[in-house]
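In case you want the letters, here they are:
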Amino acid sequence: MLSSLHIQEFPYQNGELYAEDVPVRALAEQYGTPLYLYSRSHLRRQYHALVSALRAINPEIFFAVKSNSNLAVIRALADEGAGADVVSGGELFRARRAGVEASRIVFAGVGKTEEEIDYALRENIRFFTVESEPELERISQRAEALGAVGRIAVRVNPDVDPNTHRYTMTGKAENKFGVDVDRAVKAYERADRLPAIEIAGLHMHLGSPIMTPQPYVEALEKVRPLCEELKGRYETFRHLDIGGGMGIPYRPDEQGLNPRDLAMAIFPVLNGLDLAVALEPGRFLTGHAGILVARVQYVKENSLKKFIIVDAGMNDLIRPALYEAHHEIVPVRETGGTLFGDVVGPVCESGDFLAVDRDLPAVEQGDLLAVMGAGAYGFVMSSNYNSRARAAEIMVDGSEVRVVRERETPEDMIRGESIPEWTKR
Ligand code: LLP
């Protein structure tokens, strides 16, 4: 047997994979493949695991909507008490539509446009995390024009190595994110001089996925003296937002970041600071809440290796292609046997793979496979490349099933396109 990750909400019963109480095969047959399946119970369990592990710190949780922005997912977490961390006007719109109070929303990102800033100011969100001094100027100008107040937390770049893939590390000096620690005071002084800005706190985010507490500790040790100074200077300085990035296990031999270990490690560094701590987890909440189900179209062999060709491709789940990310791939009906090779999609690119050179379940044409850990940065990073319609998204809660996003149709894919009248007939 292949060793595998065990996710409680996606168990095997009599050799069949279930999503909570529902056989995955039945869902694939009813709704077609490729199919994203989400477990509401997993979202809730992760949220409460985090809150209870971090009780001593009592952080406010802003769910990083970028990891999975389906309205039903945002709502499921909001129902448990989560706010939202958004990075665009579009995510702000989604969070509001899902019912998240504006006062429970923070807005990050290096390139906020005037329109996005206006929208957030009108909604009166909790605060902006600001990535540069020109952005401070812009928020102040727009807030003045609208008769609003722009609450801000400067994103400080602590220059700490989070040991992640270089594309997902954000808190190093060479990254575009944030303001250097030694320039931060200057940024706050500028913020203080601006007419429509209120200094709400400090923000950092190191990268993801982070597997040990150490990078958080190192970064907090660097920013703590700064926080103390800023707290003394500005009476509205109350928040310390330590970002997201908490790792989950993607491989059977990985542990993920245990929130209890994180709590124990950071508690001493935060102790006595007397700031409201905020956290922006995405993947930790949504990663294992989702699987991607695909059907085997062909099994093909060349002189070198075997390929399992499935109906889900890099347009559905780009993490393997983009980061060489590992996702466990399990059979929807247990097979017993294994075969060595690749799982690839139908897209016309050699980078279109879901697994390379691995022991895989010995599946045949027509069988179903499940890609685990696809709830975070799965559907949200999907595209219509090769004019492939985006998959349907389903949420399961116990034995209840809801379609939370319909499968796209060819008509959906060409919506908004037109052929200029001067085109030759
Ligand atoms: N806060 C900020 C400011 C962020 O930039 C991010 C992620 C998060 C929170 C949430 O990180 P999480 O807890 O989900 O790891 N597409 C990549 C991940 C990109 C993460 C970008 N920022 C992937 O598939 O691994």
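Anything mentioned here points back to the structure above.
These lines cover the structure that appears in this document, whether it is placed above or below. Numbering of residues starts from 1 in each chain and follows the order in which that chain's sequence is written. Local features in this predicted model are restricted to residues of pLDDT 70 or higher, and side-chain atom pairs are both shown and tallied only at a pLDDT of 80 or more, whereas totals for entire chains, interfaces and linings draw on every residue. For the side-chain quantities, the full set of heavy atoms in the structure was used; hydrogens and water were omitted.

## Considering the site of the ligand
Stage number 1. Taken together, 19 residues sit near the ligand, with Gly245, Glu280, Arg319, Tyr323 and Tyr377 positioned nearest.
Stage number 2. Within the backbone of Gly282, an N or O atom sits 2.9 Å from an oxygen atom of the ligand.
Stage number 3. In the analysis that follows, any N or O atom pair within 3.5 Å is treated as a polar contact, provided that within protein one partner can donate a hydrogen and the other can accept it, and provided that, for residues neighboring in sequence, both atoms belong to side chains. Within the side chain of Tyr323, an N or O atom sits 2.7 Å from a nitrogen atom of the ligand.
Stage number 4. Each accessible area is a Shrake-Rupley estimate made with a 1.4 Å probe; only the visible protein chains count as cover when residues are assessed. With the chains in place, 91% of the 580 Å² that the ligand exposes on its own is no longer accessible.
Stage number 5. Only protein atoms enter the 1 Å grid used here, on which a cavity is any set of points holding a 1.4 Å probe that cannot leave and a pocket is any open set flanked by protein within 12 Å on both sides along at least five of seven lines; residues with an atom within 4 Å of a point are listed as lining. In this scheme, a molecule is assigned to a cavity or pocket if more than half of its atoms are within 2 Å of the grid points. Cavity membership is defined here by more than half of the atoms lying within 2 Å of grid points; on that basis the ligand lies in the largest pocket.
Stage number 6. Side-chain classes are defined by residue name, with Ala, Val, Leu, Ile, Met, Phe, Trp, Tyr, Cys and Pro counting as nonpolar, Asp, Glu, Lys and Arg as charged, and the others, Gly among them, as polar. Across the shell around the ligand, the residue classes break down as six nonpolar, seven polar and six charged.
Stage number 7. Each domain's extent was defined by an automatic or database domain assignment. Formed jointly, the shell around the ligand draws a minimum of three residues from each of two domains, domain 1 (12–38 + 287–414) and domain 2 (108–281). When at least one non-hydrogen atom of a residue lies within 4 Å of a molecule or strand, that residue is treated as near it.

## Things to note about the environment of Gly178
Stage number 1. Its place among the elements puts Gly178 in the loop between strand S9 (150–157) and strand S10 (179–180).
Stage number 2. Given the relative accessible area of 17%, Gly178 is considered buried.
Stage number 3. Linking Gly178 and Val154, residues 24 residues apart in sequence, is a C-alpha distance of 7.4 Å.
Stage number 4. Throughout, a residue-residue contact means that at least one pair of heavy atoms, one from each residue, lies within 4.5 Å. Contacts of Gly178, omitting those with residues within four sequence positions, involve Glu131, Arg155 and Asn157. For the purposes of this entry, the term helix denotes a DSSP run of H or I that reaches at least four residues, the term strand denotes a run of E that reaches at least two, and both are numbered from the N terminus. Each residue is placed in one exposure class: buried if its accessible area under a 1.4 Å probe, protein chains only, is under 20% of its type's maximum, exposed if it is over 50%, and partly exposed if it falls in between.

## A closer look at the pairing of strand S2 (residues 16–19)
Along any regular strand, the residues point their side chains to alternate faces of the sheet.
Stage number 1. Residue alternation in S2 divides its side chains into two sets, Glu16 and Tyr18 and Leu17 and Ala19, and both sets are buried.
Stage number 2. Two strands form a pair only when DSSP identifies at least two bridges running between them. Two strands pair when backbone bridges link them, and strand S1 (residues 12–13) and S2 are joined in this way by two bridges, in the antiparallel orientation. Residue pairing for S2: Tyr12 is matched across the bridge by Leu17.
Stage number 3. Pairing of S2 with strand S3 (residues 22–23), which is carried by two bridges, proceeds in the antiparallel orientation. By the bridge assignment, Tyr18 is partnered in S3 with Pro23.

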